[in-house]
Amino acid sequence: MATRINPLISQRVVKVQLWGLTGFTIAILFFIVCFVSIKGLPQITLDFLTTNPGDMGRSGGIFSTIMSTLYLIFIALMIAVPLGIGAAIYLTEYTRESRITYIIRFGTECLAGIPSIILGLFGFAFFVMALHLGWSILSGGMTMSIMLLPTIIRTSEESIKAVPYALREVCFSLGVTKWQTVTRVVLPTALPGIVTGVVLSIGRCIGETAVVLFTAGSSLRLPQSFFDSGRTMAVHFYILAREGISMPNAYGTATILIFSILFINLCAYYLMRQFLKKYAIFG
Amino acid sequence: MSAKVIVKDLNFSYNHQRVLSSINLTVEANSILGIMGPAKSGKTTLLRVFNRLCDLIPNIHIEGEVFLDEENILRPDIDVDKLRKRVGMVFDKPVPLPRSIFENLAFGPKLHGIKDKNRLEELVEKSLRLAILWDEVKDRLHESALKLSGGQQQRLCIARTLAMESEVILLDEPTYGLDPVSTLKIEEALQSLKRNYTIVLVSNNTWQVARTSDNVAFLLMGELVEYGSTHGVFTVPKDKRTDDYISGRFG
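Calculation notes
Along each chain, residues carry numbers from 1 onward, in the same order as the chain's sequence is written. Whichever chain is written first is A, and whichever ligand is written first is 1; the rest continue in order. Given that the model is predicted, a residue must reach a pLDDT of at least 70 before its local features are reported, and side-chain atom pairs must reach 80 or more before they are shown or counted; all residues, however, enter totals for whole chains, interfaces and linings. Helix and strand assignments follow DSSP, with helices taken as H or I runs no shorter than four residues and strands as E runs no shorter than two, numbered in order from the N terminus. The exposure label follows from counting other C-beta atoms within 10 Å of a residue's C-beta, where the C-beta atoms are placed from the backbone and the thresholds are 20 or more for buried and 12 or fewer for exposed, leaving partly exposed in between. Any pair of residues counts as being in contact when their C-beta atoms, constructed from backbone geometry, are within 7 Å of one another. We call a set of buried Ala, Val, Leu, Ile, Met, Phe, Trp, Tyr and Cys residues a nonpolar core when their C-beta atoms link them within 7 Å. By definition, pLDDT measures how confident the predictor is in each residue, and it falls between 0 and 100.

Would you take a moment to explain the overall build of chain A for this structure?
Secondary structure summary: chain A contains 11 helices and 2 strands in total. In chain A, the succession of α and β elements from N to C terminus is α-α-β-β-α-α-α-α-α-α-α-α-α. Its C-alpha atoms put chain A at 65 × 60 × 35 Å along the principal axes. For chain A, with 283 residues in total, the buried portion stands at 37%. Once local pairs closer than 6 in sequence are excluded, the contacts in chain A between residues at least 24 apart make up 75%.

Set out below in structure tokens:
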């Protein structure tokens, strides 16, 4: 008789293994968050958040870098969200699968694969130099939007595709035009997916360093307009740590970075759950 | 009785395959035309020609004419959105929009320009009463339509079509997968509806066609085998294939 492992035992072994793997993943996250927090949390006071950096970042807070980050996110999203959702709507609703859609999809995939430092270099050569925009929030935001486009197109496309075709048929059978169908039924239904994609791209904006360093510069002053240079939190952290200016302040910045990303992800999950609760999943 | 829809020499092919060939039939105003036939006989395709929903399918070719009140609806320059408002449709699976019951019904009328709230409320109530759903949902009009049972959802879909104040209602196996009580309610609703509407009912259920329709069309492999009054077709079918089909000796 062939030796077979008792299914009950293999079930138990697998369960323990899988649990272990999951636990390990969580543990890594937990370790990183703790490591950074322990070193960073003592730095964080109201002053740290509300005063501008002084003496190259050795003293003072990180207010201007928070604002630069927010401005940059704003510009990047203002460009990438309409473009990305528009492209996704075109690809899913307004065209049939063809060679052209294949090329467009292939293009966005390639765009997603470009290393961010190359994108940064492109942004520097094109926006900063060729268009004479200089190191500015605007150059940084535009370059960043190129980086976000593939994610937003992909996630929007997937969630638009997940909207049951029958809903569209119903709309058309009610004499509703295609555009009305898209705006009144398809997009609202696909919204949780789209929002999740956008929120994840905010996370990427916050964490991105290479692109911003090349295009938005590293000025520590609070940007007065979108044409001013600004230093985001991630760049600030990089410079503080890299040049050994102030490790405590670097960890303080890192803590704010990590917690804002965690907070944003939690918001995304919360929004999505609220939405799914309201509109039960389709059969 | 006057004719509401007249189909003349209709040919329909999909990917160079014939789905309907030389269909000629008339739908009388204020009557129920039952279309029966086995699967893949072209029933649904024929139904979708009546509101041009077939336009959504790629690679189709249509020949012939379909008149709705003397207007050829197959003309390429016809406003299909306007046509679909006049010719409503109910699908085999109930598909409520992910909105409240009220919003489901008000959706079409609102987008067709009815803004007045009282008028909308009136329309919603009237349509729900016609679809025999009002008493079950009148206290929860603003709850999600997805919470209704399958039979209620299908009546909601019928009511949604009625709220458009269409002239013709197409039903594609509206009682598919519903229990006998829900089926009965829908059939009852159809009987009272035909006073004001012209109804085309596609059904796999021969007895439903016999029970509800005034005229019957029997489709087989895209061919109209028999067309006549329900009484005539079910008592003395002219074609042997119809006889075989309705007595269950088919195939």
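I keep staring at the interface of chain B and chain A and nothing clicks. Help me out?
Interfaces are often sized by the amount of accessible area the parts lose when they come together. Every contact between the two is made by 22 residues of chain B and, on the other side, 16 residues of chain A. Elements represented by at least two residues in the side of chain B that touches chain A include exactly helix H2 (80–86), strand E6 (87–90) and helix H3 (101–111) of chain B. With 4 residues, H2(B) is the single largest residue contributor to the side of chain B that touches chain A.

Mind showing me how you'd approach the nonpolar core here?
Ranked by internal contacts, the top residues of the largest apolar core, which has 122 residues, are Leu72(A) and Val200(B). No other element matches helix H6 (residues 137–161) of chain A, which puts 11 residues into this core.

Help me understand the environment of Ser68(A), please; the structure alone is not making it clear to me.
Residue and element names in this part refer to chain A. Among the secondary structure elements, Ser68 is positioned in helix H3 (residues 63–94). Sequence-wise, Ser68 and Leu187 are 119 residues apart; in three dimensions their C-alpha atoms are separated by 31 Å. Excluding residues within four positions of it along the chain, Ser68 makes contact with Ile137, Pro223, Gly230, Arg231 and Thr232.

How should I be thinking about the confidence of the model for chain B in this particular structure?
Of all residues in chain B, 99% attain a pLDDT of 70 or more, and the chain-wide mean is 89. Taken over the whole predicted complex, pTM reads 0.82, whereas the ipTM for its chain interfaces reads 0.87.

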